[in-house]
Every structure is written in structure tokens, then in C-alpha cells.
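# Understanding the architecture of this molecule
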Amino acid sequence: MADRLQDADLWLVDNLVVPASLHDVESRFLHVNAAAERASGLSAAQWRGRHFTDPIPPEARPKVAAQFRRAVERGEPTDFETVFFDASGQLRGVRAQHLPLRSGGETVGVLILAFDVRELPSEAIGLAPEPQLTPRQREILDLIALGLSTSEIAKKLTLSTETVRNHVRSVLRQLHVHTRLEAIAAARRLGLLAPPALKPRD
């Protein structure tokens, strides 16, 4: 792909405010912009020629490589969260977009954009074990997702409100979240809840 890159392509990448890097179809770094240099702590020269999974922990590489292959082989953009080590050795969370670059009907490279995430997406790399919820906790999680209050859940399950509160606390702890809304989002992400049904327009 290097011979197909135009000065205009590099100019565009260099003028993006978000960290961006160009890669050949073998996933090697061809070019990174100044924002990517600042975010990673490494210069463009240090990145050039390296495999794009080099800064990614080994346990996260299969998922990230699969996303890259999807962009190259299917020509489909991808959007996902993962982690990487910067030059100082700090583990950082990142939301990555892999955008296939096409020429003459074929994918000739991939543009990767990187966005900051506030928390490490631990489930993306298997740092945290999958939550082990009891049948009762799963039941309560389903009712939380339906929007029921503590007292409504207690009435529906014929439990005391204090018992329900204890179950809710356990569910939040298992999901590593602090609020019910976060619990619902985390549970959907982990496949513990079915996605909401598509409803007709009002």
C-alpha cells in the first residue's frame, strides 16, 4: 500500500486531531500522526514497520486481530474497545475504529483511529472473570432492566425490601458497577440480558 499512498492521504491523517495510524494489509505501521505520537509516547519512526498488535497485551490480541481482518477481508469498518501499553508501560483503555482503505475495488490498507476511554474495558481482554450470578440474582437483574423499583421487585417476588437491596448490591458488585443503569448496560454488553425489543413508533 505504501506506493499507493498519496501526499493528500498523509496530509489528511496528519491533520486529524484524533490519534490516527495507517497500516498495510499485513497490519504493519506505515505512518502515524502527531496525535498518535503524543498518545503513545513513541515517534512515527519508532512505530514504522511494527505489527499493530505489538502494544496490545497478548490476551487481547486475538480479538483485535479479528477486527483488523474483518476490515481487510470484508471491507467493513469496525468500532470496539480494547487496551494497549503506552511507552511508559501504562495500560490504557482505547476505543478503536478500523477503517478499510480501498483502491481499484480492493482493500489496500487500514486507517486506525483511537479514542480515549475513561475506564479499562476489562471484559475485552479477560482481565475480569465473567460474573457468576445466582438464579435469584439473574431474576432480579431482569426486573431491574424492566425498570422495577426495589419495593416493586420485593412485592413481585414476595421478598422483603432489605433482601432485595442485598441482592441488588450483590449484582452491582458482580458486574463491577455502581448504579442500576450501569448494571443494565454492563449486563447487555456481557450477554446477560437480551437486547430491548424493537417497538413500533408512537
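Look up a bit, the structure's there.
Computed from a predicted model, the values in this text were never measured in an experiment.

## Concerning the nonpolar core
- The biggest cluster of nonpolar side chains holds 21 residues, and the ones touching the most others in it are L141, I153 and L175.
- Of all the secondary-structure elements, those providing two or more residues to this core are helix 6 (135-145), helix 7 (150-157), helix 8 (161-175) and helix 9 (180-189).
- Ignoring sequence-local partners within four residues, the contact set of I153 consists of I140, L143, I144, L148, V164 and R180.
- Of all hydrophobic cores here, the second largest spans 19 residues; its members include W47, A60, V72 and A96.

## Description of the sheet that holds strand 2 (residues 29-32)
- What the five strands build is an open sheet, ordered 2-1-5-4-3; its pairing is antiparallel. The open sheet has two free edges, formed respectively by strand 2 and strand 3 (78-85), since each of these has just one partner strand. Within this sheet the neighbouring strands show an average axis-to-axis angle of 30 degrees, counted without direction.
- Pairing geometry for strand 1 (residues 20-23) and strand 2, over three bridges, is antiparallel. Bridge pairing links S21 to V32 in strand 2.

## Quick notes on the packing of helix 8 against helix 9
- The contact between helix 8 and helix 9 brings their axes to 10 Å, and the two run at 50 degrees. Classified by the angle their axes make, helix 8 and helix 9 are oblique. Here helix 8 runs over helix 9; the crossing is left-handed. Across the interface between the two elements, V168, L172 and L175 from helix 8 touch R180, A183, A186 and A187 from helix 9.
- In terms of residue class, the contact of helix 8 with helix 9 is made up of six nonpolar, no polar and one charged.

## Quick notes on the pairing of strand 3
- Alignment of strand 3 against strand 4 (residues 91-103), held across eight bridges, turns out to be antiparallel. Paired with F84 across the strands is R92, a residue of strand 4.

## Details of the packing of aromatic side chains
- Within this structure, the stated rule accounts for two aromatic pairs.
- Cation over ring: R95 sits above F115, and NZ or CZ is 5.8 Å from the ring centre.

## Side note on the pattern of salt bridges
- Applying the stated criterion across every chain yields a total of nine salt bridges.
- A salt bridge links R70 to E76; its shortest N-O distance comes to 2.9 Å.
- Relative accessible area serves as the criterion here: at 32%, R70 is assigned to the partly exposed category.
- For E76, the salt bridge identified is with R74, shortest N-O distance 3.9 Å.
- The class of E76 is partly exposed, set by a relative accessible area of 28%.
- Of the residues examined, R74 reaches a relative accessible area of 61% and is grouped as exposed.
- Look at the salt bridges and you will find they share partners, linking R70, R74 and E76 into a network.

Calculation rules
- Residues numbered from 1 in each chain as written.
- Predicted model: local features only at pLDDT ≥ 70, side-chain atom pairs only at ≥ 80, totals over all residues.
- Heavy atoms only, no water.
- Core = buried A, V, L, I, M, F, W, Y, C linked by side-chain atoms within 4.5 Å.
- Buried < 20%, exposed > 50% of the residue type's maximum accessible area, 1.4 Å probe, protein only.
- Helix = DSSP H or I, 4+ residues; strand = E, 2+ residues; numbered from the N terminus.
- Contact = heavy atoms within 4.5 Å.
- Pairing = 2+ DSSP bridges.
- Axes fitted to C-alpha atoms, helices over the stretch in contact; angles between N-to-C directions.
- Parallel < 35°, antiparallel > 145°, perpendicular 65-115°, else oblique.
- Left-handed = near helix turned anticlockwise from the far one by under 90°.
- Nonpolar A, V, L, I, M, F, W, Y, C, P; charged D, E, K, R; others polar.
- Phe/Tyr/Trp six-rings, centres within 6.5 Å; stacked < 30°, edge-to-face > 60°.
- Lys NZ or Arg CZ within 6 Å of the ring centre and 35° of its normal.
- Salt bridge = Lys/Arg side-chain N within 4 Å of Asp/Glu carboxyl O.

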